[in-house]
Amino acid sequence: NNFCVIMAGGVGSRFWPLSRTARPKQFLDILGTGKTFIQQAYERFQEIVPKENYLVVTNALYKDLVKTQLPELKDEQILLEPLRRNTAPCLAYAANKIALTDPDANIIITPSDHFILKEEEFKKQIRNGLEFVSEKPALLTLGIKPCRPETGYGYIQVKRKKEFKDLDNLYKVKTFTEKPNEEMAKIFIESGEFYWNSGIFISSLSTMLESLQQHLTEIALKFEHGRKLLNTASEEPFIRKTYSECQAISIDYGIMEKAKNVYVLTADFGWSDLGTWSSLYENKEKDVQGNVIRADNVMLYDTENCIVDISKNKMAVIQGLDGFIIAERNDTLMICRREDEDQIKKFVTDVRIQK
Ligand code: GDD
Ligand code: MG
């Protein structure tokens, strides 16, 4: 049986002031499609995963957001984390939960904050991936052809030799490097041997549990020892204690960089992390002056190459700006040069301290 684990506990501070701790990116409809990112992630696997086989792992803070945005989920399908420990403990929790009901499962682990344009192509790749991992003890990821030396992604180097006759976009992975510095990222891109990690992993449950044991032994054992407590009244105290003792580490650093049995399906399904204002700018239609406008009441004079994101009940009049992000929500207005958006994380911290 196929299971889908949606990881939805991140904070996503780069979209501030739209995203904030109380409502991170996965719960927003940044593109204005009518659906939030997590709703899109959920619908994406509907034809592949039965409704009862979804698990959403999120911070306890977001329980109500998940319930409102995904009303089909039963309470027991929402796994609540008491603390932020990044994605490896999130995976260990979900995998052990699934092991109780279906040890022979195949699992898809997906982020909750991505945009995918070509849904049909995406589903085709997921189906191929599931078929592959049910025959081979592999950790499979979906790889994207890179187009810029982005430092926020994982980079996958492939072995060029074709090992698999029936899937011509499937490669054995030679190296996996999570978030390289810019210099390395440039070298990777120029070599032509690298793909971006999309952050979507597919594997059999048993292979995933073995990989956790092998590479993150401490975390794996904590969850395995307490597995019998899951689905009982002791689950919550057990999880609270375990999380407080767990190292915070991502699947990428903790497993993918170390494992030997990593494979990648390379594909073009119009993937975008949309992790930043700039990536949003690139993905949206612009007016003749190159402005992306997400507001009902705005008047622009002599203004170009800006993103203007203003809430509905406000009126904005802007004159003489070129290349700025102008974003307003609730009590906050931010005006920041597009090329300096790396600083937004710092703004968020500083504002928190001020308040
Ligand atoms: N449950 C839970 N708990 N989910 C979490 C946590 C946590 O503590 N931290 C992050 N997540 C969720 C996020 O909400 C997101 O959906 C997903 O896990 C990935 O986390 P990010 O924090 O967005 O990771 P990243 O973007 O820096 O890097 C990952 O994604 C890139 C592609 O977007 C890596 O997998 C990279 O290798 C990859 O290139
Ligand atoms: Mg991300």
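Here we summarise the structure given alongside this text.

## A few points about the nonpolar core
As a rule of thumb, soluble globular proteins bury nonpolar side chains together.
So, step 1. Residues I109 and I255 are the most contacted members of the largest nonpolar core, which totals 46 residues.
So, step 2. Sort the elements by how many residues they give to this core and helix 3 (residues 87–101) lands first, with nine residues.
So, step 3. Those residues in contact with I109 that lie beyond four places of it in its chain are V5, M7, L91, G199, I200, F201, M208 and I251.
So, step 4. Within the second largest apolar cluster, 44 residues are counted, among which are I38, I108, F132 and Y155.

## Comments concerning the layout of surface pockets
So, step 1. Its boundaries defined by the atoms lining it, the second largest pocket holds a volume of some 400 Å³.
So, step 2. Along the walls of the second largest pocket sit 16 residues, with L18, D29, R294, D309 and R329 positioned nearest its centre.
So, step 3. Residues that form the lining of the second largest pocket fall into these classes: six nonpolar, two polar and eight charged.
So, step 4. No fewer than three residues from each of domain 1 (2–272) and domain 2 (282–354) sit in the lining of the second largest pocket.

## Structural notes on the pairing of strand 10 (residues 262–266)
So, step 1. Extensive coverage of strand 10 is indicated by the burial of five of its five residues.
So, step 2. As defined by bridge partners, strand 6 (residues 139–144) adjoins strand 10 across five bridges and the pair is classed as parallel. By the bridge assignment, L140 is partnered in strand 10 with Y263.
So, step 3. Summarising the sheet, strand 8 (residues 170–178) and strand 10 pair through three bridges and their orientation is antiparallel. Bridge pairing in strand 10 links Y171 to V264.

## Description of the site of ligand 1
So, step 1. In the vicinity of ligand 1 lie 26 residues, with E81, E178, N197, D252 and D273 positioned nearest.
So, step 2. D113 has a polar side-chain atom sitting 3.4 Å from an oxygen atom of ligand 1.
So, step 3. One of the side-chain N or O atoms of E178 is found 2.6 Å from an oxygen atom in ligand 1.
So, step 4. The fraction of the free accessible surface of ligand 1 (730 Å²) that becomes covered by protein chains is 88%.
So, step 5. At the level of secondary structure, the elements contributing two or more residues to the shell around ligand 1 comprise strand 2 (54–59), helix 3 and strand 9 (194–204).

Conventions we followed
- Residues numbered from 1 in each chain as written.
- Chains lettered and ligands numbered in written order.
- Predicted model: local features only at pLDDT ≥ 70, side-chain atom pairs only at ≥ 80, totals over all residues.
- Heavy atoms only, no water.
- Core = buried A, V, L, I, M, F, W, Y, C linked by side-chain atoms within 4.5 Å.
- Buried < 20%, exposed > 50% of the residue type's maximum accessible area, 1.4 Å probe, protein only.
- Helix = DSSP H or I, 4+ residues; strand = E, 2+ residues; numbered from the N terminus.
- Contact = heavy atoms within 4.5 Å.
- 1 Å grid on protein atoms, 1.4 Å probe; cavity = no way out; pocket = protein on both sides within 12 Å on 5 of 7 lines; lining within 4 Å.
- Points joined across faces, edges and corners; volume = space filled by probe spheres on them.
- Nonpolar A, V, L, I, M, F, W, Y, C, P; charged D, E, K, R; others polar.
- Domains from an automatic or database assignment.
- Pairing = 2+ DSSP bridges.
- Near = heavy atom within 4 Å.
- Polar contact = N/O pair within 3.5 Å; in protein donor to acceptor, adjacent residues only side chain to side chain.
- Areas by Shrake-Rupley, 256 points an atom, 1.4 Å probe, with all protein chains shown as cover.

Functional significance is not addressed by these values, which are geometric in nature.
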